[in-house]
Structure formats: structure tokens, C-alpha cells
Amino acid sequence: MASHGVRGRSGGRPTLEEVAARAGVGRGTVSRVINGSPRVSDATRAAVEAAVAELGYVPNTAARALAANRTDAIALVVPEPETRFFAEPYFSDMLKGVGSELSETEMQLLLIFAGSDRERERLAQYLAAHRVDGVLLVSVHADDPLPDLLTQLEIPAVISGPRSAAEPLASVDSDNYGGARSAVEHLLSRGRGHIAHITGHLAVYGAQRRVDGYRDALREAGHEVDEGLIEPGDFTEEGGRRAMAELLRRRPDVDAVFAASDVTAAGASQILRETGRRIPDDVALVGYDDSAIARHMEPPLTSVRQPIEEMGRAMIDLLLTEIADRRPAASRGLERHQVVLATELVERRSS
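Treat the numbers as computed from the prediction; the structure is a model and nothing was measured.

Asker: Help me understand the nonpolar core, please; the structure alone is not making it clear to me.
Answerer: Ranked by internal contacts, the top residues of the largest apolar core, which has 38 residues, are V184, I195, M244, V257 and F258. For this core, the elements supplying multiple residues, two or more each, are α9 (176-189), β6 (195-198), α10 (205-220), α11 (237-250), β8 (256-259), α12 (262-274) and β9 (284-289). The residues contacting M244, other than those within four sequence positions of it, are I198, V254, V257, A268, I271 and L272.

Asker: So what exactly am I meant to see when it comes to the sheet that holds strand β11 (residues 338-341) here?
Answerer: Sheets are built from strands that pair by backbone hydrogen bonding, the pairs being arranged parallel or antiparallel. Spatial strand order, β2-β1-β3-β4-β5-β11: 6 strands in an open sheet with parallel pairing. Strands with a single pairing partner mark the edges of an open sheet, and in this sheet they are β2 (108-113) and β11. Pairs of neighbouring strands in the sheet enclose a mean axial angle of 15°, with direction left out of account. Note that strand β1 (residues 73-78) and strand β3 (residues 134-138) share 4 bridges and pair parallel. Within β3, the residue paired with A75 across the bridge is V135. Packed on one face of the sheet, helix α8 (residues 146-153) meets β1, β3 and β4 (157-160) and runs near 165° to β3.

Asker: Any chance you could explain the confidence of the model for the protein here in plain terms?
Answerer: Note: predicted coordinates in regions of low pLDDT should not be interpreted at a detailed level. Mean pLDDT for the protein: 87, with 90% of residues reaching 70 or above. Considering only residues more than four positions removed or in separate chains, one finds that residues 1-10, a stretch of pLDDT under 50, has 13 contacts.

Asker: Just to check I follow, could you spell out the environment of G178 for this structure?
Answerer: With respect to the helices and strands, G178 occurs in helix α9. G178 sits in the partly exposed class, given a relative accessible area of 21%. For the pair G178 and G193, spaced 15 residues apart in sequence, the C-alpha separation works out to 20 Å.

Basis of the calculations
Residues numbered from 1 in each chain as written. Predicted model: local features only at pLDDT ≥ 70, side-chain atom pairs only at ≥ 80, totals over all residues. Heavy atoms only, no water. Core = buried A, V, L, I, M, F, W, Y, C linked by side-chain atoms within 4.5 Å. Buried < 20%, exposed > 50% of the residue type's maximum accessible area, 1.4 Å probe, protein only. Helix = DSSP H or I, 4+ residues; strand = E, 2+ residues; numbered from the N terminus. Contact = heavy atoms within 4.5 Å. Pairing = 2+ DSSP bridges. Axes fitted to C-alpha atoms, helices over the stretch in contact; angles between N-to-C directions. pLDDT = per-residue confidence, 0-100.

Structure follows, in C-alpha cells:
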């Protein structure tokens, strides 16, 4: 017969202490397992989970949160307009990774947009009231004041992509520099001699690093960097259209383009077609992200894959560690955590 729970020694609901005794660990260890802290070994986690199942222990989430001054909520803050969030696969993939990792805990996820001044003011008031235990920041520009506000409020936070090499917050990013190098090296290996780059928004550190990778790959192959072949973009489709049109006006001899995102590459491809240029015969094209857009373009787009879902999962792991430590690493003067994940060039017919 299936058990529906075992009563504790007092005859009432099983307690945290009874779970700890059954698992052979301390009360604090049980608490860490229940709260989803990554700082627990697999063997210990399994022992605690087995004890919870055997005793039928049900955590009193509200009481635990109140006693620990916790909200059991995490905010995913996107300082961009909602239209961009829903238009670009990067954000949906990031959200998927964050959600899948957080589903293993009892924490709730709040999605907050802060693309306008009014939204930022409301967010600042919300955060000052400490209504969340931690914050994930996605798509942050170099001059964005939100990370500094979080540090001042001593709210644990993890940023997707540092604002600079000296970023004080914990961060998770892909190897933007290495990814850009691999894209340019690939185009050079195909015999392309006039390789243009449509950048991302240059207030984003990751976009700056992709430009650095582009430049260094050309230099190390013995090519001069032609500034006329670098055109600012903003990761959007319309930005790709504008940049490609300007590149062709200025340098009609361009025979390859490395775009800072697949969405940008899609915009660039439209202009190439409209001006009678064939991909890849006349102009080879490489994007960045390896999103569904890359696979569905015609011809399918060669793209630099960054593990966006994995980045989301890694952000949650870092944030739960900071929450378990109660204060962000930056305010404790500890070495900051910076995770950089590898990229991979996925070759398709566009190059």
C-alpha cells in the first residue's frame, strides 16, 4: 500500500529537524537542498530528498521565507523595449534556460521590462523595497545605472554579459571574441578578400569584443583592417538593412559580411537580394547566435552558435549561490564570478 506521509515524533507534520536526522545531515544542509542551493553534493541532495519523501515532509514556504527575510522570487530584468524582446530569439532562448533551471527550485520568476525612463523609475522603487531575492540582468548597455543600483541595495545579481572587462557583478557570457574570430577565419578560408562587419550595438561590451575578434583575425591573416568595411548596427533586422545599404554604397566591392546577429544578417540578406547580389556566389554571409532564423533563411545561414539556454542555466546557478550567501560578492569584496562559455561555428550554404 502506498504511504501518504509519515507523522513526526510529535504526532503532527514532520519537521525540518526530523528530515535532517533521517538523512544524517545538519538542519542547514536540509534547508540548502530545499532552497535549491548548488552548494550541496549530489549524494547529500539525494539523501535529503529521500528523507523528505519517506517522511512526507512539506516545506512551509511562507513561514520559511518570512523567517529568512526572503521573498522566494527572482526578477529577470530586460532593459529593452518589449518589441525587441519578443522579436529576437536570443531573449526567448535565454528565458527558456532560466526557466528550466529554476523549475528545480521553489523560486518564482518575474519578468520585468525596463526599456523606458518610467519603467526604470518603477523598477528602482520595486527593488528598493526588496521584493525579490535576486536579479538577473539581460542585455545591459555600458552606461546602464541598474547594475550599480543593485550593488548599492546589496541585492544579489548576475548579469548576462559584463559591461566591461572590470565588471564587478557576477556575469555569464559566451566567447564573443573567439566566436567573431572563427567567423572571419572561415570567410578568409573561402578566399574572401573584402570582408565587412555589421556590428551590434557598440554600447554592449559583447558587441565590442566581436569587433575586436574581427579585427584581430584579419590582422593575423596579414590583412589590413579597412575601417570602411565596418558599419555600426544594433542587433536588429532594420539595423542590418540600413548597415548593408550603407556598406554597398561605400564599398560595392564587398564580397563577404559577418553580421553580429542572425536577425541582423536577415536584414542584410534582404538588401543583398534587392541589389541583385547572390548569396554566397557574390557575397558570403555569416551571422551570430545560430537561432532558428539561421536555419530557415534561404540559403541557410552559416552562424556562430552561442549556448544561450546554457547561459541562462548558468546565470541561475550563480544567482542561487549569491542568494545562499545572503549578499552579492561585490559587496563582500570577494573575487567576482565570471563564466565564459565556448562558441561554435555552424557552417551552412550562405558562406
